[in-house]
Structures are given as C-alpha cells and as structure tokens.
Amino acid sequence: MANNKKKNLTMTQQEYQKLAKKQEPKRPVLINCLRAFLVGGTICLIGECFMEMFVNWFGFTEKTAGNPTVAVMIIISVILTSFGVYDKIAQWAGAGSAVPVTGFANSLCSAAIEHRAEGLVLGVGGNMFKLAGSVIVFGTVAAFFVGIVHLIISGGG
C-alpha cells in the first residue's frame, strides 16, 4: 500500500516555496512552440529537398528515394553533433530538433562521443545501445501488434 500522506512543511519551508514560485521566470510557451515549429519544419523541408533531389537527379521513385534521404539526414545529424552544432540548435529549438530521424541520430552520436573513453565495446557500443534498445524494442512490439491487426482485418490471408 502506497504512502499517500503529504509531508508537513514547516512555516519556513512553505514560505520558501511561495518565494521560489514568485521568483521562477515565466516560460515563453508561445515563442518556444514557434521555435520548435520552425526548426522541426526546416529539418523536414531539408529532408524533402533531398528526397526531391534523389527523385529528379538520380532517377529514384518516390518510394525508393526514402532510404537514401534518411541516410543523408542521419549523416548530416551525426556530423553536426560531432562538431557541437546540433546541440546548439537543440538548445534554441527545444522539441523541434527532436524530429525522429535526426533527433535519434543525435542521441546515439552524443552517447557514443560521451563514452568513447571507456572503450569501443563497453563505452561506445554499450551506452549507445542502451538508448537504442528501448527504441528497437518499441518498434518490434509495435510492428508485431500492427501485423496482428492487419492479419485480423485481412481475414487471415
């Protein structure tokens, strides 16, 4: 059974909490949302430009242009992370820089850079895949359930 009792605060603790709330700066929610929208949209626009480039210049179809586009976006994200640029963009943009492909590549690259002193296997590989493991498990489980729903809807055939 969980302990649902709240801790009784002394008068000084209560006063401190009130004072701290008053002093806490207001978050500019609208500006943060606008920054996230602009950066996330720009990342997606860059991806679309690469996709159009693969379709128009290299003869890919719209279906097949997705894979090289994702690869280029990952490479760009890793390069920017390696030079510390992606982190500055992320600080300014907030959630807008967490667009799935580039944000995930940034997370993996950051983990690899941070733990490289511990060695390639235990440092880079171990810590990089701690992060990737949850994403891989979620993707596998989600794909399993989507497959079951598809099997049920299509009538088992």
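Residues numbered from 1 in each chain as written. Predicted model: local features only at pLDDT ≥ 70, side-chain atom pairs only at ≥ 80, totals over all residues. Heavy atoms only, no water.

Peer 1: Residue-level account of the packing of helix 2 (residues 29–58) against helix 3 (residues 66–82), with values.
Peer 2: Put simply, helix 2 and helix 3 touch, their axes get as near as 9 Å, and they point 135° apart. Considering the angle they form, helix 2 stands oblique to helix 3. Taken as a pair, helix 2 and helix 3 cross one another with a handedness that is right-handed. Residues Ile43, Ile46, Gly47, Phe50, Met51 and Phe54 of helix 2 lie in contact with helix 3, whose contacting residues are Gly66, Pro68, Thr69, Val72, Met73 and Ile76. (Axes fitted to C-alpha atoms, helices over the stretch in contact; angles between N-to-C directions. Helix = DSSP H or I, 4+ residues; strand = E, 2+ residues; numbered from the N terminus. Parallel < 35°, antiparallel > 145°, perpendicular 65-115°, else oblique. Left-handed = near helix turned anticlockwise from the far one by under 90°. Contact = heavy atoms within 4.5 Å.)

Peer 1: A description of the confidence of the model for the chain should follow, citing residues and the corresponding values.
Peer 2: When the pLDDT values of the chain are averaged, the result is 85; 91% of them are 70 or greater. Helix 2 holds the highest mean pLDDT among the elements of the chain, 95, whereas helix 1 (residues 11–23) holds the lowest, 80. (pLDDT = per-residue confidence, 0-100.)

Peer 1: I'd like a description of the side chain of Thr69, backed by residues and values.
Peer 2: Position of Thr69 among the secondary structure elements: in helix 3. A relative accessible area of 7% means that Thr69 is categorised as buried. Every residue in contact with Thr69, bar those within four places of it in the chain, is listed here: Gly47, Phe50, Met51 and Phe54. (Buried < 20%, exposed > 50% of the residue type's maximum accessible area, 1.4 Å probe, protein only.)

Peer 1: Just give me the short version of helix 5 (residues 100–114), but keep the residues and values in it.
Peer 2: With 15 residues, helix 5 ought to run about 21 Å at 1.5 Å a step, and its terminal C-alpha atoms sit 21 Å apart, in line with that. Residues of helix 5 that are buried include every one of Thr102, Gly103, Ala105, Asn106, Leu108, Cys109, Ala111 and Ala112, and no others. (Expected span 1.5 Å × (residues − 1).)

Peer 1: Residues and numbers for the environment of Ala65, please.
Peer 2: Tracing the backbone through its elements, the reader meets Ala65 in the loop between helix 2 and helix 3. Between the alpha carbons of Ala65 and Phe138 there is a distance of 25 Å; along the sequence they are 73 residues apart.

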